[in-house]
Amino acid sequence: MNQLEPSKQPLFFSEPVALTSKLHSNASFKPEPNYLFASKTNSIPLAVSEFEQAASSYPIVFTGTDAIAVTGLTAEKNVFVDEDGQWDMRSYIPAYVRKYPFIFHESEDSDTFTLCVEKSNVADDDSGTPFFDEENPSPLVEQSLEFCKNFQAAWNQTAQFVSTLVDLDLLIERRADVQSPSGESSSLNGFNVIDKEKYNALADAEINKLPREFVAAINSHFISMSRWQNLLVLSSNEKT
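Residues numbered from 1 in each chain as written. Predicted model: local features only at pLDDT ≥ 70, side-chain atom pairs only at ≥ 80, totals over all residues. Heavy atoms only, no water.

Enquirer: Quick question: what am I supposed to make of the environment of Leu171 here?
Expert: Within the secondary structure, Leu171 sits in strand E13 (residues 171–179). For Leu171, a relative accessible area of 16% gives the class buried. Separated by 24 residues in the primary sequence, Leu171 and Asp195 place their C-alpha atoms 6.0 Å from one another. (Helix = DSSP H or I, 4+ residues; strand = E, 2+ residues; numbered from the N terminus. Buried < 20%, exposed > 50% of the residue type's maximum accessible area, 1.4 Å probe, protein only.)

Following this line, the structure appears as C-alpha cells:
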C-alpha cells in the first residue's frame, strides 16, 4: 500500500532567496534545463482554476486544505516525467511546476509577499538572463512576479473552495485500487474525494449559492476520477 505524500511546502525548493537589486544587480538567472526537479513526487499542488485543464490528465484529490494532482502511485515517483526530464507531451503541466524556480515568500502577517528564486538558479555573473537593469527589475522578474501574483490569487481561491467542501461535509477519505491490463495492481491512500451522492443530495438552494467556478471545479473533479488508470499506463510504459 502506498500513501500520497504529505504536502511539503515549498515543494521542489531547498534554498529560496529573496530577489533584491542590492544583492542581485550583477547576478543572472540559470533556467532549469528540464523537469527533473519534479520527477520525485507523486502529488503536485493544483489551483481550482486549473481543474478543467488538469482533469484530462490527473486524478484531482484533496489532502488537508490543499487540492492536488496525483502524478504517481508510488512515493517519490512522478510518472509524467521521463528519465530525460521531459514532461508527457499529452498532459497538462500544473502552474506550480511552471512557476518554478520562482516563489512568493509570505510574511507572518500575510500582508507582504516577496519574490524569491531557488538559489541554485542564480549565477554570480552575467552568463544568464539578468534579474535587474541597474535598480529596475528585468522583464524576467516582472513576468515572474506577475505569474506568482496570479498563482497566489488562484491559491487563495482554492483554499476557499476546499473550506467550502469541508463546511458542506462533502469530503470523504478514499483509497485508489487500480489494475493494469497485464494484471499488475497498485493501491494509494491518504487522500479525500468529493462524495458524489452527498453532492447530488444537496438542495438546489445550497448549490445555487456556490460560485460558478466552484460548481465547474466539482464537476471537473468527478471527471478526473477516471484518470487513475492513466497513472498505471504511464508506469507500465516506463518498464517496457
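Enquirer: Honestly, the environment of Pro139 in this entry has me stumped. Any pointers?
Expert: With respect to the helices and strands, the residue Pro139 is situated in helix H4 (residues 139–167). Sequence separation between Pro139 and Thr129 is 10 residues, and the spatial gap between their C-alpha atoms is 9.6 Å.

Enquirer: Quick question: what am I supposed to make of the sheet that holds strand E10 (residues 129–130) here?
Expert: One key point about sheets: their strands pair by backbone hydrogen bonds, in either a parallel or an antiparallel sense. Reading across the sheet, the 3 strands line up as E9-E3-E10 and stay open at both edges, with antiparallel pairing between neighbours. Of all strands in the sheet, those with a lone pairing partner are strand E9 (122–123) and E10, marking the two edges. (Pairing = 2+ DSSP bridges.)

Enquirer: When you look at the nonpolar core in this model, what are you seeing that I'm missing?
Expert: The nonpolar side chains of soluble globular proteins are, as a tendency, buried together. Phe12, Phe62, Trp87, Phe161, Ile194 and Trp228 are the most contacted members of the largest nonpolar core, which has 57 residues in total. Those residues within four positions of Ile194 in sequence are excluded, and the remaining contacts are Phe62, Leu165, Leu170, Leu171, Tyr199, Ile218, His221 and Phe222. Judged by nonpolar contacts, the second largest core, of 13 residues, contains Ala27, Phe29, Val122 and Phe132. (Core = buried A, V, L, I, M, F, W, Y, C linked by side-chain atoms within 4.5 Å. Contact = heavy atoms within 4.5 Å.)

Enquirer: Looking at this model, I keep getting lost on the sheet that holds strand E8 (residues 113–118). Mind explaining?
Expert: Across the sheet, which stays open at both edges, the 3 strands sit in the order E2-E8-E7 with antiparallel pairing between neighbours. The open sheet is flanked by strand E2 (16–18) and strand E7 (102–106), the only strands paired with a single partner. Across the sheet, the mean angle separating the axes of adjacent strands is 45° when strand polarity is ignored. Across 3 bridges, the pairing between E2 and E8 is antiparallel. Each residue of the ladder has a partner; that of Pro16, found in E8, is Glu118. (Axes fitted to C-alpha atoms, helices over the stretch in contact; angles between N-to-C directions.)

Enquirer: I tried to follow the packing of H4 against helix H7 (residues 212–224) on my own but got confused; where do I start?
Expert: When two helices pack together, you describe them by how their axes are tilted relative to each other and by the distance separating the axes. Remark: H4 packs on H7, axes separated minimally by 11 Å, with the N-to-C direction vectors making an angle of 70°. The angle between H4 and H7 falls in the class roughly perpendicular. Of the residues in H7, those touching H4 at Gln157, Gln160, Phe161, Thr164 and Leu165 are Glu213, Phe214, Ala217 and Ile218. (Parallel < 35°, antiparallel > 145°, perpendicular 65-115°, else oblique.)

Enquirer: How do you make sense of the packing of aromatic side chains when you look at a structure like this?
Expert: Any pair of aromatic rings gets described here by the distance separating the centres and the angle formed by the planes. Enumeration according to the criterion identifies 19 aromatic pairs in this entry. Taken together, the ring pairs connect Phe12, Phe13, Tyr35, Phe37, Trp87, Tyr96, Tyr100, Phe151 and Trp155 into an aromatic cluster. When the ring centre of Phe151 is taken as reference, the NZ or CZ atom of Lys99 above it lies at 5.2 Å. The positively charged end of Lys196 is found above the aromatic ring belonging to Phe222, 5.2 Å away from the centroid. (Phe/Tyr/Trp six-rings, centres within 6.5 Å; stacked < 30°, edge-to-face > 60°. Lys NZ or Arg CZ within 6 Å of the ring centre and 35° of its normal.)

Enquirer: I keep staring at the pairing of strand E5 (residues 60–63) and nothing clicks. Help me out?
Expert: Remember that side chains alternate between the two faces of the sheet whenever the strand is regular. Neither face of E5 is left uncovered, since the one carrying Ile60 and Phe62 and the one carrying Val61 and Thr63 both have all their residues buried. Inspection of the sheet shows E5 paired to strand E6 (residues 66–70) by 4 bridges, in the antiparallel sense. Residue pairing in the sheet places Phe62 in a bridge with Ala67 of E6. Where E5 hands over to E6, the hairpin turn is made up of 2 residues, of which Gly64 adopts a positive phi near 60°.

Everything listed is a geometric property; what it means functionally is a separate question.
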